[in-house]
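# Breakdown of the fold
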Amino acid sequence: MIFKAQKIAKLGDYILFKNGIKGIVEKVNENSVIVNITNNKTEVEFEGNRTVVAHKNYKVIDCV
């Protein structure tokens, strides 16, 4: 897994957040992104496999 240098994700970017949960950015807002979760090996469940993540709480990754 390779982390990209960019701070704020763009539409379609893959991100990693909250102890290894991975997802694809569906919408970029001023302070957060809406993410479609693609890989969740934790006990945390998300309704509809989507969640909102603040820009400071994720890292952009190269691939899933």
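Overview of the structure. Note that this is a predicted model, so its numbers are computed, not measured. (Residues numbered from 1 in each chain as written. Predicted model: local features only at pLDDT ≥ 70, side-chain atom pairs only at ≥ 80, totals over all residues. Heavy atoms only, no water.)

### Looking at the sheet that holds strand β4 (residues 50-54)
The five strands lie next to each other as β4-β3-β2-β1-β5, forming an open sheet whose pairing is antiparallel. Looking along the sheet, the strands with just one partner apiece sit at the ends: β4 and β5 (58-61). For this sheet the average axis-to-axis angle between neighbouring strands, irrespective of direction, equals 45°. Direction of pairing for strand β2 (residues 21-28) relative to strand β3 (residues 32-39): antiparallel, over a ladder of six bridges. Residue pairing in the sheet places V28 in a bridge with V33 of β3. (Pairing = 2+ DSSP bridges. Helix = DSSP H or I, 4+ residues; strand = E, 2+ residues; numbered from the N terminus. Axes fitted to C-alpha atoms, helices over the stretch in contact; angles between N-to-C directions.)

### Details of the environment of F17
Among the secondary structure elements, F17 is positioned in strand β1 (residues 14-17). Sequence-wise, F17 and K56 are 39 residues apart; in three dimensions their C-alpha atoms are separated by 9.8 Å. Setting aside its immediate chain neighbours within four residues, F17 contacts V35, I37, F46, T51, V53, N57 and Y58. (Contact = heavy atoms within 4.5 Å.)

Honestly, it's all geometry; don't read function into it.
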